[in-house]
2 protein chains.
Amino acid sequence: MNQFVKNTLKDHSLRNTLCREDILETFLSREVALSHGDLEHSLGEKFDRVTIYRTLKTFLEKGIIHKVLDEEGMRYALCKERCTEHNHHHDHVHFKCSECGQTNCLESLHIPSIQLPAGYHAQEMNLLIQGLCAACSEN
Amino acid sequence: MNQFVKNTLKDHSLRNTLCREDILETFLSREVALSHGDLEHSLGEKFDRVTIYRTLKTFLEKGIIHKVLDEEGMRYALCKERCTEHNHHHDHVHFKCSECGQTNCLESLHIPSIQLPAGYHAQEMNLLIQGLCAACSEN
DNA sequence: TTATGTTTTGCAACGCTGTTGCAGGATAAA
DNA sequence: TTTATCCTGCAACAGCGTTGCAAAACATAA
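Residues numbered from 1 in each chain as written. Chains lettered and ligands numbered in written order. Predicted model: local features only at pLDDT ≥ 70, side-chain atom pairs only at ≥ 80, totals over all residues. Heavy atoms only, no water.

Let's shift gears to the protein's contact with DNA strand C. Around DNA strand C, the surrounding shell holds 19 residues, and the nearest of these are Thr-17, Thr-51 and Arg-54 of chain A together with Arg-49 and Tyr-53 of chain B. Of everything in DNA strand C that lies within 4 Å of the protein, sugar and phosphate atoms constitute 52%. Of all the secondary-structure elements, those providing two or more residues to the surface near DNA strand C are α2 (18-29) and α4 (49-62) of chain A together with α4 (49-62) of chain B. Looking at the surface near DNA strand C element by element, the count peaks at five residues for α4 of chain B. A class-by-class count of the residues in the surface near DNA strand C yields six nonpolar, four polar and nine charged. (Near = heavy atom within 4 Å. Helix = DSSP H or I, 4+ residues; strand = E, 2+ residues; numbered from the N terminus. Nonpolar A, V, L, I, M, F, W, Y, C, P; charged D, E, K, R; others polar.)

Close to DNA strand D lie 18 residues; Arg-49 and Tyr-53 of chain A together with Arg-15, Thr-51 and Arg-54 of chain B are nearest. At the protein interface, 55% of the atoms of DNA strand D within 4 Å belong to sugar or phosphate. At a separation of 3.4 Å, a base oxygen of DNA strand D approaches a polar side-chain atom of Arg-54 of chain A. In this structure, Arg-20 of chain B approaches DNA strand D through a side-chain N or O atom, which is 2.9 Å from a sugar or linking oxygen. (Polar contact = N/O pair within 3.5 Å; in protein donor to acceptor, adjacent residues only side chain to side chain.)

Now for the pattern of salt bridges. Residue and element names in this part refer to chain A. Scanning the entire structure with this criterion turns up 16 salt bridges over all chains. The salt bridge partner of Glu-21 is Lys-6, with a shortest N-O separation of 3.3 Å. Residue Glu-21 is located in helix α2, and its partner Lys-6 is located in helix α1 (residues 3-11); the two are separated by 15 residues in the primary sequence. Its relative accessible area of 31% is what places Lys-6 among the partly exposed residues. As a salt-bridge pair, Asp-70 and Lys-96 come within 3.3 Å of each other at their nearest N and O atoms. Residue Asp-70 is located in strand β1 (residues 65-70), and its partner Lys-96 is located in strand β3 (residues 92-97); the two are separated by 26 residues in the primary sequence. Considered together, Asp-70 and Lys-96 belong to a single accessibility category, that of buried residues. Through salt bridges with shared partners, a single network forms among Asp-38, Asp-70, Glu-72, Arg-75 and Lys-96. (Salt bridge = Lys/Arg side-chain N within 4 Å of Asp/Glu carboxyl O. Buried < 20%, exposed > 50% of the residue type's maximum accessible area, 1.4 Å probe, protein only.)

Residue and element names in this part refer to chain B. As paired elements, strand β1 (residues 65-70) and strand β2 (residues 73-78) share six bridges and run antiparallel to each other. By the bridge assignment for β2, Lys-67 is matched with Tyr-76. Connecting the antiparallel pair β1 and β2 is a turn made up of two residues. (Pairing = 2+ DSSP bridges.)

With numbering aligned to this structure, UniProt lists the feature "binding site: Zn(2+)" (unreviewed entry) at Cys-97, Cys-100, Cys-133 and Cys-136 of chain A. Annotated residues spanning 40 residues; largest pairwise C-alpha distance 8.3 Å, indicating a single compact cluster. Judged by its relative accessible area of 11%, Cys-133 of chain A is buried. Excluding residues that lie within four positions of it along the chain, Cys-133 of chain A makes contacts with Phe-95, Cys-97 and Cys-100 of chain A together with Gly-119 and Tyr-120 of chain B. On the secondary structure map, Cys-136 of chain A appears in helix α5 (residues 134-137). Judged by relative accessible area, which is 15%, Cys-136 of chain A ranks as buried. (UniProt positions renumbered as here; feature names shortened; annotations may be inferred. Contact = heavy atoms within 4.5 Å.)

Taken as a whole, this structure holds two aromatic pairs over all chains when the rule is applied. Summarising the aromatic geometry, the rings of Tyr-120 of chain A and Phe-95 of chain B are spaced 4.8 Å apart at their centres and angled 90° between planes, so their arrangement reads as edge-to-face. Pair noted here: Tyr-120 of chain A is in the loop between β4 (103-110) and β5 (121-132) and Phe-95 of chain B is in strand β3 (residues 92-97), and the two residues belong to different chains. Overall, Phe-95 of chain B belongs to the buried group, its relative accessible area being 0%. (Phe/Tyr/Trp six-rings, centres within 6.5 Å; stacked < 30°, edge-to-face > 60°.)

Tallied over the entire structure, the rule returns one cavity of 30 Å³ or more. Taken as a whole, the largest cavity holds about 40 Å³ of empty space. Listed by contribution, the elements that provide at least two residues to the lining of the largest cavity are β5 of chain A together with β5 (121-132) of chain B. Here the lining of the largest cavity takes three residues from β5 of chain A, the largest share from any one element. Grouping the amino acids of the lining of the largest cavity by side-chain chemistry returns five nonpolar, two polar and no charged. (1 Å grid on protein atoms, 1.4 Å probe; cavity = no way out; pocket = protein on both sides within 12 Å on 5 of 7 lines; lining within 4 Å. Points joined across faces, edges and corners; volume = space filled by probe spheres on them.)

It takes a turn of 180° to lay chain B on chain A, together with a shift of 0.0 Å along the axis; the resulting RMSD is 0.0 Å. Such a combination of rotation and displacement between the chain copies is what one expects of a two-fold axis. If distances are taken from each C-alpha of chain B to the rotation axis, the shortest is found for Leu-127 of chain B, at 2.2 Å. A shared binding surface is used by both copies, with 100% of the interface residues of chain B retained as interface residues in chain A. (Least-squares fit on C-alpha atoms with pLDDT ≥ 70 in both.)

Written out as structure tokens, the structure is:
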């Protein structure tokens, strides 16, 4: 059993359960953003749909994962930088490949700041770029 | 009956039907991005849910409206600049107010260009900013 | 190790979103 | 007015996401 997984759960005062371990390990092994459906499919019949939903919700609240918007729906990805319940910093860019369909975080890129019209105040930004990823544009 | 509505339908070789007229007029009168549910609610029992879905799909394909991503789901907004079936330019910013919940297009702002990692090629960009809109930040 | 209180899970059920097939009805053009 | 084409409504379905509740699993302290 992965020690990182155990530590992550402990650090966020979450009980160590099989479902949580498996979901965290799935996020670690696949490196792209995953939807609820991806997880359900990947974990087989091992856990109830509802449990997966609740686990994702818990991880979101604890800052272990973050949402990734997509034209096809909601996906989730591990927070690499250290996030807490009250301090998130997800101003990195999300890239969705129109060829292979995978979505991942471009951690190295940050959203440039933008001058908003008078009176507008930004709290959160979310940039999704769609196109060809490095692997797919080689062909 | 609004002449703009009739022209818009004609220009895109779409038949002039009550449902299409009403949906276009709803987009014109409310100035924010609307979800399917908003339209369904706003139009009452006048049309079948399926018809509204199909109308939105048609308008999307014709370039009359465009998608607006949102943590809560999909919304749609009128294309102000002239878009055609094959030539869209929606690099403007979408703003969602966390107070009043309304989402609108900041047509004046464009997404700054970003240097992607080697091998990545962008086709489409989508920036959603969440925060307080001008009206809500006055209070 | 066992007993305890608290957290998680699975199940059943529900509402909402979005899609498809098909038959009947409306539209535009001759 | 006729006709071919396009739209609409209905029925049905699959998927997403949530809630309430009882049973099971967990962590802690004895």
